[in-house]
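# Descriptive analysis of the structure
Below, each chain spelled out in residue letters.
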Amino acid sequence: MKMGTALIYDEEMTKYKLLWVDPVCKIEVPERLIVSYEALVKSGLADRCVSIPVREATDAEILLAHSEEYLEAVKKTPFMHLEELMTFTQKYGDVYFHPNIYHCAKLAVGATLQLVDNVMTGKVRNGMALVRPPGHHSQSSAANGFCVFNNVAIAAQYAKKHHKAKRVLIVDWDVHHGQGVQYCFEDDPSVLYFSWHRYEHQSFWPNLRESDFDSVGSGKGAGFNVNVPWNKVGMGNSDYLAVFFHVLLPVAYEFSPDLVFICAGFDSAIGDPEGHMSATPDIFAHLTHLLMNLADGKVCAVLEGGYNLTSLAQSVCQTVQTLLGDPAPRPAQLGGACESALESIHSARAIHKKYWSCLQHAAAPFPEEPSSKNRRLAQQGGSQGPEGDAGGDAQKEEPEKVEEKEEEEIVWPEPLRRVAPSLRSALLLPDAVECPDGCARFSPAHGPGPLERARLRKSYLKESEDEASVTLLYNLTALLGQMEKNEIRNGLALVPDVSMAATLLTSASLSKRVLLVWMGEGPVPAQIIEDEKTLVVHIDSMEPHEAQSKYYIPITLKKGCGDTAGVVQAVLGLLLPLGYQYEPGLVLLARPPGCQVKGGLWQQLTCLLQGLALGHTLVLLQENETAPVGITASGLLGNAALSLGPLVAPGPEDVGSFEGLRLRLQTDWPLLQTTAPEKR
Ligand SMILES: NCCCNCCCCCS
Ligand SMILES: [Zn+2]
């Protein structure tokens with residue numbers, strides 16, 4: 001499996017800047033690239049990447065997304081003097097030109113294409129292009145929003161044309177709507193464009209009607225454009241994760257791309273003068289992690305915006321460190337999405353329910369009047385929608401600010417260092433079972449003493465059990481101990497009795513919270529269910545034996561864990577939100593005998609769960625079922641799970657039971673929410 005993360009950067013792209021006074025453009029400075037690259041060097045991350053040189057894009061490549069007349073016009077700018085540059089700039093919005101910007105814009109496109117070449121030919125697994133000028137606002141015949149050529153749009157066309165990419169996903173987490181990308185792929189079903197963006201009912205730049213959630217693409221492209229507008233500022237980590245779990249990821253897994261681009265703008269991070277959001281830099285580690293098992297891990301992150309030099313540099317490092325496979329940080333204490341975000345999530349899911357089977361039965365009916373429409377009508381003095389419109393926040397909103405307040409200093413904690421244990425994956429296997437390469441067979445420093453043996457035997461074994469069973473239990477607790485001391489990142493154990501091993505580990509764990517994911521036939525040992533510090537999520541076909549409680553959550557699938565589409569939607573929409581909110585110190589993934597989860601999905605699950613508990617995942621397999629050992633080890637080693645292929649619709653009755661579960665649980669677990677609480 002391909003490893004390696006490319007980093008593409010050249011300081012030539014810092015050699016242009018604003019040559020006159022323009023309060024809108026003054027934030028787009030060369031230091032954006034300098035501080036980002038320096039942070040990568042200082043943190044040692046740059047050295048761990050594969051350094052790939054930039055190149056200039058050719059005319060033909062630029063023409064993949066731009067008109068000839070536009071390219072010809074831009075070609076003239078290197079020879080212009082100041083007045084001519086200013087006049088030329090006037091033709092476009094919120095952008096500036098410079099004698100060297102055409103050269104840098106060609107390098108920004110070329111850098112992105114170099115990244116695509118290296119990822120698509122398997123020289124590296126993934127990578128990041130640190131470029132400026134950014135690209136996602138530029139259009140076929142127009143520069144806009146600091147952008148000259150649309151780096152990612154060109155690269156997506158290039159990947160289709162030269163690398164036979166069939167389905168390309170573009171995730172635009174920049175705080176502005178990348179309208180240039182939306183326009184480019186409006187009617188193209190082979191490119192799924194997702195963007196969230198500050199919108200404030202069309203009152204925020206670029207103030208476009210087509211940035212709202214009801215722009216879904218047109219013609220054959222209907223459904224392949226997903227907009228999530230932020231109608232308030234201050235969106236935080238919980239809002240971002242909720243959009244990933246309940247909008248982007250279900251659709252992305254159903255789309256099953258063979259290449260993923262991230263329009264990695266970091267003006268959506270705290271402290272940014274444009275975004276005014278509250279999400280902290282470490283959230284980009286989780287957003288990146290959650291995308292890394294799509295497209296067999298082929299992820300190309302391309303820098304877009306980001307104007308607070310501190311949060312920009314921290315966010316770039318968080319992203320690259322995750323691309324390199326380092327353990328994810330602890331997510332800052334998560335709650336549910338705020339009411340405004342829930343409205344946006346609800347609207348996006350509702351408008352897309354007819355295009356995506358994962359939303360077919362899930363998305364609640366459309367709110368009576370989309371709040372944005374009401375607000376627009378109000379602003380244009382049109383008639384109000386029905387009394388107390390769905391917007392909810394309409395009557396509460398303070399009058400539009402006349403101008404931005406003086407920027408007060410916003411501070412946030414520096415992201416914690418993310419230390420990768422020296423040993424990544426330790427396997428506890430019977431001697432007869434060979435250890436997959438890349439892993440280490442676990443053997444504790446010393447064996448159990450007589451007292452230890454007696455205790456283990458008394459607590460967990462019947463008298464008859466032989467010494468080998470005692471040794472195995474002891475080794476399990478030793479492996480757990482080394483994981484919880486962060487000497488080992490994750491592990492796998494083949495055990496004679498998954499229930500007994502899970503019982504031992506949950507009681508022996510020093511973590512304040514343990515997440516146990518039980519994939520298949522129960523019963524889950526009562527001792528575990530009653531254990532206050534363990535959250536059990538049990539996915540199975542059987543009606544649960546135990547009553548559901550806050551810490552025992554049975555998810556029923558009519559066709560059982562063999563139903564890949566059903567399991568994927570249960571994992572994305574229920575298990576992951578629960579896990580992120582619970583914030584466990586340890587994740588146990590139990591595969592009881594007869595588990596039906598198919599190989600590729602099992603690896604997806606093994607990989608996705610590593611976003612929790614600093615990657616401390618311990619997988620329990622049934623001794624006589626050695627088939628999953630290889631793929632489990634591969635996932636634990638950080639190899640991207642193979643793509644599942646396009647997913648069919650989950651069964652309506654399953655989705656019905658998921659929604660019922662969501663409604664019952666969301667008071668205790670608000671990150672499960674997908675709709676705003678009913679208006680009183
Ligand atoms: N404060 C509103 C003016 C926005 N000016 C353009 C911003 C372009 C961002 C590119 S990511
Ligand atoms: Zn932006």
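Since this is a predicted model, take the numbers as computed values, not measurements.

Looking now at the overall build of the chain. Each helix and strand in the chain was counted, giving 22 helices and 16 strands. The C-alpha atoms of the chain give a radius of gyration of 26 Å, which matches the 26 Å a tight globule of 680 residues would have. For the C-alpha atoms alone, the extent of the chain along its principal axes is close to 90 × 60 × 45 Å. Contacts in the chain between residues at least 24 apart in sequence constitute 76% of all its contacts with a sequence separation of at least 6. When the accessible surface of the chain is totalled, it reaches about 24,800 Å², and 54% of it is carbon and sulfur.

So, about the coordination of the zinc ion (ligand 2). Protein-derived ligands of the zinc ion (ligand 2) are Asp174 (OD), Asp174 (OD), His176 (ND1) and Asp267 (OD), with the metal-ligand distances lying across 2.0 to 2.7 Å. Motif for the zinc ion (ligand 2), donor spacing along one chain: D-x1-H-x90-D. Remark: Asp267 occurs in the loop between strand E7 (259-264) and helix H10 (283-291) and Asp174 occurs in the loop between strand E4 (168-172) and helix H8 (179-184); sequence separation between them is 93 residues.

What follows deals with the sheet that holds strand E15 (residues 586-591). Spatial ordering of the open sheet is given by E10-E9-E11-E16-E15-E12-E13-E14, a layout of 8 strands whose pairing is parallel. Where the open sheet ends on each side, the last strands, each with one partner, are strand E10 (440-441) and strand E14 (552-556). Seen against the sheet, helix H16 (residues 467-484) touches strand E9 (423-428), strand E11 (488-495), E15 and strand E16 (617-622) and runs at an angle of roughly 165° to E11. Docked against the sheet, helix H21 (residues 629-636) engages E9, E11 and E16, running at close to 170° with respect to E11.

As a further point, take the environment of Pro53. Mapped onto the secondary structure, Pro53 falls in the loop between strand E2 (50-52) and helix H3 (59-62). Pro53 gets classed as exposed once you look at its relative accessible area, which sits at 55%. Setting aside residues no more than four positions away along its own chain, Pro53 makes contact with Ile8 and Gln114.

This brings us to helix H12 (residues 339-352). Between its terminal C-alpha atoms H12 stretches 20 Å, which fits the 20 Å expected from 14 residues at 1.5 Å a residue. In terms of burial, H12 is largely enclosed, as 13 of its 14 residues are buried.

We now examine the site of ligand 1. Neighbouring ligand 1 are 13 residues; Asp94, His137, Asp174, Glu274 and Tyr307 lie closest to it. Contacts to ligand 1 include Glu274, whose side-chain N or O atom sits 2.9 Å from a nitrogen atom. Looking at the shell around ligand 1 residue by residue, the classes come out as 4 nonpolar, 5 polar and 4 charged.

Let's shift gears to the sheet that holds strand E3 (residues 126-129). A sheet is described by the order of its strands in space; here 8 strands give the open sequence E2-E1-E3-E8-E7-E4-E5-E6, paired in parallel fashion. Strands with a single pairing partner mark the edges of an open sheet, and in this sheet they are E2 and strand E6 (225-230). Neighbour to neighbour, the strand axes of the sheet diverge by 15° on average, direction disregarded. Two elements, E4 and E7, share 5 bridges in a ladder whose sense is parallel. By the bridge assignment for E7, Val171 is matched with Ile262.

Applying the stated criterion across every chain yields a total of 14 salt bridges. A salt bridge links Lys75 to Glu72, with the nearest nitrogen and oxygen atoms 3.5 Å apart. One end of the pair is Lys75 and the other is Glu72, both in helix H4 (residues 68-75) and 3 residues apart, which spans about a single turn. Relative accessible area serves as the criterion here: at 35%, Glu72 is assigned to the partly exposed category. Put simply, Glu452 and Arg455 hold a salt bridge, and the shortest N to O gap is 3.0 Å. Taken as a pair, Glu452 and Arg455 lie in helix H15 (residues 450-460) at a separation of 3 residues, close to a single helical turn. Here Arg455 falls in the partly exposed class, since its relative accessible area comes to 39%. Linked by salt bridges that have partners in common, Glu28, Arg32 and Arg132 make up one network.

Here the chain is partitioned into domain 1 (5-388) and domain 2 (489-672). Between domain 1 and domain 2, the residue contacts involve 37 residues of the former and 39 residues of the latter. Summing both partners gives a buried area of about 3,000 Å² for domain 1 against domain 2, and 57% of it is carried by carbon and sulfur. Here domain 1 is connected to domain 2 by 0 salt bridges. At the junction of domain 1 and domain 2, the tally comes to 15 residue pairs in polar contact (both at pLDDT 80 or more). Listing elements by their share of the side of domain 1 that touches domain 2, those giving two or more residues are helix H9 (237-255), H10 and helix H13 (357-360). Counting residues per element, the side of domain 1 that touches domain 2 draws most heavily on H9, at 9 residues. The residue makeup of the side of domain 1 that touches domain 2, split by class, is 16 nonpolar, 14 polar and 7 charged.

Per-residue confidence for the chain gives a mean pLDDT of 92; residues scoring 70 or more make up 93%. Confidence metrics for the complex model read pTM 0.94 and ipTM 0.98.

Further remarks concern the packing of helix H6 (residues 101-120) against helix H7 (residues 151-163). The N-to-C vectors of H6 and H7 enclose an angle of 40°; their axes lie 9 Å apart at closest approach. The angle between the axes of H6 and H7 places the two elements in the oblique class. The chirality of how H6 crosses H7 is right-handed. Where H6 abuts H7, its residues Ala105, Ala108, Val109, Thr112, Leu113, Val116, Asp117 and Met120 lie against Asn151, Ile154, Ala155, Tyr158, Ala159 and His163.

The description of an aromatic ring pair rests on the distance of the ring centres and on the angle between the ring planes. Scanning all chains against the criterion turns up 24 aromatic pairs. Geometrically, the ring pair formed by Phe88 and Tyr92 is edge-to-face, given 5.5 Å between the ring centres and 70° between the ring planes. When its relative accessible area of 7% is taken as the criterion, Phe88 is described as buried. Under the relative-accessibility criterion, Tyr92 is labelled buried at 16%. On the numbers, 5.6 Å between centres and 75° between planes, the contact of Phe146 with Tyr307 is edge-to-face. Of this pair, Phe146 sits in the loop between E3 and H7 while Tyr307 sits in the loop between strand E8 (299-303) and helix H11 (309-323), and the two are 161 residues apart along the sequence. Comparing Phe146 with Tyr307 shows no difference in burial state: the two are buried. Aromatic rings pair up to connect Tyr70, Phe88, Tyr92, Phe97, Tyr102 and Phe149 into one cluster. For the cation-ring pair, Arg132 lies above Tyr16, with the distance from its terminal atom to the ring centre recorded as 3.8 Å. Over the ring of Trp602 we find Arg591; its NZ or CZ atom is 4.7 Å from the centre of that ring.

Analysis parameters
- Residues numbered from 1 in each chain as written.
- Chains lettered and ligands numbered in written order.
- Predicted model: local features only at pLDDT ≥ 70, side-chain atom pairs only at ≥ 80, totals over all residues.
- Heavy atoms only, no water.
- Helix = DSSP H or I, 4+ residues; strand = E, 2+ residues; numbered from the N terminus.
- Rg over C-alpha atoms; globule rule 2.2 N^0.38 Å.
- Contact = heavy atoms within 4.5 Å.
- Areas by Shrake-Rupley, 256 points an atom, 1.4 Å probe, with all protein chains shown as cover.
- Donors = N, O, S within 2.8 Å, 3.2 Å for Na, K, Ca; no water.
- Pairing = 2+ DSSP bridges.
- Axes fitted to C-alpha atoms, helices over the stretch in contact; angles between N-to-C directions.
- Buried < 20%, exposed > 50% of the residue type's maximum accessible area, 1.4 Å probe, protein only.
- Expected span 1.5 Å × (residues − 1).
- Near = heavy atom within 4 Å.
- Polar contact = N/O pair within 3.5 Å; in protein donor to acceptor, adjacent residues only side chain to side chain.
- Nonpolar A, V, L, I, M, F, W, Y, C, P; charged D, E, K, R; others polar.
- Salt bridge = Lys/Arg side-chain N within 4 Å of Asp/Glu carboxyl O.
- Domains from an automatic or database assignment.
- Buried area = accessible area lost by both parts, 1.4 Å probe.
- pLDDT = per-residue confidence, 0-100.
- Parallel < 35°, antiparallel > 145°, perpendicular 65-115°, else oblique.
- Left-handed = near helix turned anticlockwise from the far one by under 90°.
- Phe/Tyr/Trp six-rings, centres within 6.5 Å; stacked < 30°, edge-to-face > 60°.
- Lys NZ or Arg CZ within 6 Å of the ring centre and 35° of its normal.

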